[in-house]
Amino acid sequence: MAKDQRLIRVSLGWVNVFFIKGKKAVIVDTGPPGAGRRVLNALLRHNIKREEVSLIILTHAHFDHFGGAPTLRQALSAPLVVHRADAFYLERGENAPIIPLGLFGKVLIGVFKGWAKKRLAIPCEILIEDRLDLSQFGINAYILPTPGHTEGSISVILSDGEAIIGDLLAPHPIFRWRPNLPLFAQEKGLALESIKMLLSLGINKFYAAHGGPWDREDIERWILK
Ligand SMILES: [Zn+2]
Ligand SMILES: [Zn+2]
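Residues numbered from 1 in each chain as written. Chains lettered and ligands numbered in written order. Predicted model: local features only at pLDDT ≥ 70, side-chain atom pairs only at ≥ 80, totals over all residues.

(A) Broad picture of the overall build of the protein chain. Helix and strand counts for the protein chain stand at seven helices and 14 strands. The C-alpha atoms of the protein chain give 16 Å as radius of gyration, which agrees with the globular expectation for 225 residues (17 Å, within 12%). A principal-axis box enclosing the C-alpha atoms of the protein chain has dimensions of 45 × 40 × 30 Å. Counting across all 225 residues of the protein chain, residues that qualify as buried make up 45%. Sequence separation of at least 24 residues holds for 65% of the intrachain contacts in the protein chain that already meet a minimum separation of 6. (Helix = DSSP H or I, 4+ residues; strand = E, 2+ residues; numbered from the N terminus. Rg over C-alpha atoms; globule rule 2.2 N^0.38 Å. Buried ≥ 20, exposed ≤ 12 C-beta atoms within 10 Å, placed from the backbone. Contact = placed C-beta atoms within 7 Å.)

(B) Structural detail: the sheet that holds strand β13 (residues 205–208). One open sheet accounts for six strands, arranged β7-β8-β9-β10-β13-β14; its pairing is mixed. Lying at the two open borders of the sheet, with one neighbouring strand each, are β7 (132–133) and β14 (214–215). Relative to strand β8 (residues 141–145), β7 is paired through two bridges, and the arrangement is antiparallel. What sits directly across from D133, in β8, is Y142. (Pairing = 2+ DSSP bridges.)

(C) Representation of unusual backbone geometry. Cis rather than trans, the peptide bond between G212 and P213 has omega equal to 0°. Mapped onto the elements, P213 comes out in the loop between β13 and β14. Non-glycine residue D29 carries a positive phi angle of around 70°. Tracing the backbone through its elements, the reader meets D29 in the loop between β3 (25–28) and α1 (36–45). The class of D29 is buried, set by 29 C-beta atoms lying within 10 Å. At N47, a position not held by glycine, the phi torsion is positive, near 60°.

(D) Fine view of the sheet that holds β3. Here six strands make up an open sheet; going across it, the order is β1-β2-β3-β4-β5-β6 and the pairing mixed. Two strands bound the open sheet, and with one partner strand each, they are β1 (6–11) and β6 (126–128). In this sheet, neighbouring strand axes are inclined to one another by 20° on average, regardless of whether the strands run parallel or antiparallel. With two bridges joining them, strand β4 (residues 53–57) and strand β5 (residues 80–83) adopt parallel strand pairing. Residue pairing across strands places I56 opposite L80, the latter belonging to β5. (Axes fitted to C-alpha atoms, helices over the stretch in contact; angles between N-to-C directions.)

(E) Layout of the environment of V82. Secondary-structure assignment places V82 in strand β5. We classify V82 as buried; it has 29 C-beta atoms within 10 Å. As for V82 and I57, which are separated by 25 residues in sequence, their C-alpha atoms are 6.4 Å apart. Excluding residues that lie within four positions of it along the chain, V82 makes contacts with L58, A61, A87, L90, C124, L127 and G152.

Taken by themselves, the reported measurements are silent on function.
The following block contains the structure:
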């Protein structure tokens, strides 16, 4: 992380959200429904003023990532950026498809579908389909589409080999310290391609929304073995 910029991981229990504080500040993901207030409190704890927040980024349209967005939109004047493919669901108050990859995913799908019921529509100001440079928002970083977990999943690439990857990787269901493909993914092949693409960019630290962070060596050892 560049000296004039810091990455802050805020744990909300089973979900992490992130702040990147540079000339301004951006929020990456907003936690599950009801978490908005806790995210606002975390801003305060980290000495980030509400008016400093220039952007709210959602890595994808699942309820545990967009749940705090309505509260944050009310409290902050920052626009919301989402990939166009996932905005399709947000603007209808729906989740992007939740498709189990393996046995654990199949067992848990009922629980997730229950939580992921229809909600208020969330309007999105900025829709992207390609790379978006964040210097215009006071941050030395860029957004890159990394599809697989959902069609519109995105990652935030920081200047010195760090990336915030949403649910592109998740903890192994038993060996929690290991990275794993998530339990749910729209397209497993695409997720693997996205992971390889991030490695080819020289990413060496992967910050995920659940568990992590993981080093490049962890990914090569457990995912691409
Ligand atoms: Zn997800
Ligand atoms: Zn998630």
